[in-house]
There are 2 protein chains.
Amino acid sequence: MSGHRFEILAIDGAARSGSLHMKRGTVSTPAFMPVGTAGSVKAMLPESVAETGAEIVLGNTYHLMLRPGAERIARLGALHKFMNWPRPILTDSGGFQVMSLANLRKITEEGVRFRSHVDGAEHFLSPERAMEIQRLLGSDIQMVLDECAPFPSTEGQIEKSLALSMRWAKRSKAAFGEQEQHSCFGIVQGGVYPHLRRRSAEELTAIGFDGYAIGGLAVGEGQAAMFEVLEATIPHLSPNHPRYLMGVGKPDDIVGAALRGIDMFDCVLPTRSGRNGQAFTWKGPLNLRNARHAEDEAPLDATCSCPACRSYSRAYLHHVVKSGEIIASMLLTWHNLTFFQDVMRAFRAAVAGKNAASFARNFLADYRAGESEDSG
Amino acid sequence: MSGHRFEILAIDGAARSGSLHMKRGTVSTPAFMPVGTAGSVKAMLPESVAETGAEIVLGNTYHLMLRPGAERIARLGALHKFMNWPRPILTDSGGFQVMSLANLRKITEEGVRFRSHVDGAEHFLSPERAMEIQRLLGSDIQMVLDECAPFPSTEGQIEKSLALSMRWAKRSKAAFGEQEQHSCFGIVQGGVYPHLRRRSAEELTAIGFDGYAIGGLAVGEGQAAMFEVLEATIPHLSPNHPRYLMGVGKPDDIVGAALRGIDMFDCVLPTRSGRNGQAFTWKGPLNLRNARHAEDEAPLDATCSCPACRSYSRAYLHHVVKSGEIIASMLLTWHNLTFFQDVMRAFRAAVAGKNAASFARNFLADYRAGESEDSG
């Protein structure tokens, strides 16, 4: 029993395009999931998120358990209703953000004890509690609790951390139990060590999950090392299940990873960059703070259909970014999310057209050529 | 020649409802104008501002002259195009904000020299330059430069300041000249002194403007004193021209002033309060930070059609306000602007139904009864 049906529609080399059918809607893959950290994709109304083409968003267990609290969200009718997003939601397990945001962490076999970065209150997250929180939230795709080892770590450290993560994965799956219409994904760890990644993939497969994520990447190892890990890992994952690369990434990371067989992505980059005056385009990122945009009547991207590109000049965007106006965050976030969805759509079409590799090559050439242009 | 045609549709006591017909659209009066300080009604897209029912917005000459600059906006096709608001725009003269925001002000007969609060650069604003800037912006209704005396001021200070404002009004009108499809409003000053207000109204009428504003109120004199000034001033203004009470105000101020014959209002209150977690309702303002909303599944206002009320609980709004999410500013601003427009619409209907006084009485009773409830 699985909470979804994963239909592969086209395959081109290692890349594939498909449909992830869930109770609350179908997600075309490869898919990019905007991050709705604390019950909001920042600076966007949910109907606007849907207008960008997003079919699923990610919610952060760590943030929601601290504020407003999982039990409270459950009493209020669960996360979809609370945040007015009726479509699918994937939640992480909270583990990654406990490591990066919480204070006074103490990891034991049982779980992790930490203090909230919001109010200092003590909390405890175990595999069982992580799954309980995600069930209370009503998440469509629930992630196992794992430990994210820092980069760089020695092989010995990674091996020890991986072993704990695999024991936690087993407990997470047991705690998830059998839930109609909800899915549970395991998370492959193992750092940059191919044999550990393979071991992790095999152990998770033996447990049996509805999908498989690859975690512990985009933490400083660099794109080449990340792609090597993907190439060493993906062959050991079931071809019939969705594969999710967690926390990735830049548009060129995403295209390269999708070409290697990844089906799902999430990243704060389009939303966070949007709030910082950065816009992504087919010709690379633009920094709207740059004075060269001050009298530019052209839109951000003449090929884009988002409100920022339809109705505003670069000069206006420059002005509102410089002035700290909220509309700058709203428009640039909307644009960036639209761009990420447009890239995914184009990639899926390329897979269907059996030209994913040449699409990726052309995309990267244009994207990187433009990027260097705006370094000033 | 005037930039508008003002049609009075109904009169009830001193109150009236009408239509201000302009090249870029018709504004139903009494009208509330949202403030779009620096080329944006904060936390709103312009199409959302229009959805609230707003038919005209206010732009601030002071902010726009400093950044991005009036000449730049003119080169970019003027303010309507720049900020994507095709409907009417009224601009102030910059005088009020020079007094409240700029540094090192020096007022002479010629004008006011000051330093920008943004970058410290020196600027000079004269009646002629204030009108030139508003012409460059393409403003539909342009305001004369005046001096706003602080409250409290002695009668002698007010009289001296008023005399300067009246000389500046004459120069402003001369600088405005004759412009097809644009209007120029004078501004009545005179503090809380009825005979000075009367003198100001008569001097402005002698110059001849397309509309008359009342300035220098809502600066600390209190509602009763403000209403007394309106009652002492309005009889000396042409009944056939629109009357605009600048910078006002709270919903109860607006209803009371409209009842006394004011046609136009502007205030940052609905937008600024929205960014601070405050929502206006028919039962008074609510502070969404208040813990009593934390598990309240009810909407902000069951009678309101804005997105905040249609799709979110008070519990969600409480959560996003407490979490500092941008969506809190977006939703509460949208709600507050909708509420202000709903109040104006209801007031206009009351004038048409010849029951403006009883509408105002009932409105104030409900509004003030609720207000005290949320003091906790």
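Look up: the structure comes first, before these words.
Residues numbered from 1 in each chain as written. Chains lettered and ligands numbered in written order. Predicted model: local features only at pLDDT ≥ 70, side-chain atom pairs only at ≥ 80, totals over all residues. Heavy atoms only, no water.

Student: What exactly am I supposed to notice about the nonpolar core here?
Tutor: Across soluble globular proteins, you tend to see nonpolar side chains buried next to one another. Ranked by internal contacts, the top residues of the largest apolar core, which has 239 residues, are Tyr244, Leu245 and Phe265 of chain A together with Tyr244, Leu245 and Phe265 of chain B. Filtering out sequence-adjacent residues up to four positions away, Phe265 of chain A remains in contact with Pro30, Ala31, Phe32, Met33, Tyr244, Leu245, Val248, Ile254, Ala257, Ala258 and Met344 of chain A. (Core = buried A, V, L, I, M, F, W, Y, C linked by side-chain atoms within 4.5 Å. Buried < 20%, exposed > 50% of the residue type's maximum accessible area, 1.4 Å probe, protein only. Contact = heavy atoms within 4.5 Å.)

Student: Just checking my understanding: could you explain the interface of chain A and chain B for this structure?
Tutor: When the parts of a complex come together, some accessible area is lost, and that lost area is often used as the size of the interface. On the chain B side, the residues contacting the 36 residues of chain A number 36 residues. Taking both sides of the interface into account, the surface hidden between chain A and chain B amounts to around 3,400 Å²; carbon and sulfur atoms contribute 56%. Counting the surface chain A buries against chain B, the share from its top three residues, Leu45, Glu295 and His319 of chain A, is 17%. Taken together, the connections running from chain A to chain B amount to eight salt bridges. Notably, a salt bridge pairs Lys81 of chain A with Glu297 of chain B, separated by 3.3 Å at the nearest N-O pair. The interface formed by chain A and chain B holds 18 residue pairs in polar contact (both at pLDDT 80 or more) in total. Those elements giving two or more residues to the side of chain A that touches chain B turn out to be α1 (46-51), α3 (70-75), α4 (79-83), α13 (314-322) and α14 (326-352) of chain A. Class assignment for the residues of the side of chain A that touches chain B results in 18 nonpolar, seven polar and eleven charged. (Buried area = accessible area lost by both parts, 1.4 Å probe. Salt bridge = Lys/Arg side-chain N within 4 Å of Asp/Glu carboxyl O. Polar contact = N/O pair within 3.5 Å; in protein donor to acceptor, adjacent residues only side chain to side chain. Helix = DSSP H or I, 4+ residues; strand = E, 2+ residues; numbered from the N terminus. Nonpolar A, V, L, I, M, F, W, Y, C, P; charged D, E, K, R; others polar.)

Student: Mind showing me how you'd approach the sheet that holds strand β1 (residues 4-12) of chain B here?
Tutor: Paired through their backbone hydrogen bonds, the strands of a sheet run either parallel or antiparallel. Residues and elements named next belong to chain B. If you trace the three strands from one edge of the open sheet to the other, you get β1-β2-β3, paired in antiparallel fashion. Where the open sheet ends on each side, the last strands, each with one partner, are β1 and β3 (25-29). Each neighbouring strand pair of the sheet contributes to a mean axis angle of 15°, computed without reference to strand direction. With five bridges connecting them, strand β2 (residues 15-22) and β3 associate as antiparallel partners. Looking across to β3, one finds that Leu20 is bridged to Val27. (Pairing = 2+ DSSP bridges. Axes fitted to C-alpha atoms, helices over the stretch in contact; angles between N-to-C directions.)

Student: Before we go on, may I ask you to explain the packing of aromatic side chains in this structure?
Tutor: When we look at a pair of aromatic rings, we describe it by the centre distance and by the angle of the planes. Under the definition given, this model contains 24 aromatic pairs over all chains. Between Phe32 of chain A and Phe340 of chain A, the ring centres sit 4.8 Å apart and the planes meet at 55°, which makes this aromatic pair tilted. Taken together, the residues Phe32 of chain A in strand β4 (residues 31-33) and Phe340 of chain A in helix α14 connect sequence positions 308 residues apart. With 6.1 Å between their ring centres and 25° between their planes, Phe359 of chain B and Phe363 of chain B make a pair best called stacked. One end of the pair, Phe359 of chain B, and the other, Phe363 of chain B, are both in helix α15 (residues 356-373), four residues apart, so they sit about a helical turn from each other. A relative accessible area of 16% places Phe359 of chain B in the buried class. (Phe/Tyr/Trp six-rings, centres within 6.5 Å; stacked < 30°, edge-to-face > 60°.)

Everything listed is a geometric property; what it means functionally is a separate question.
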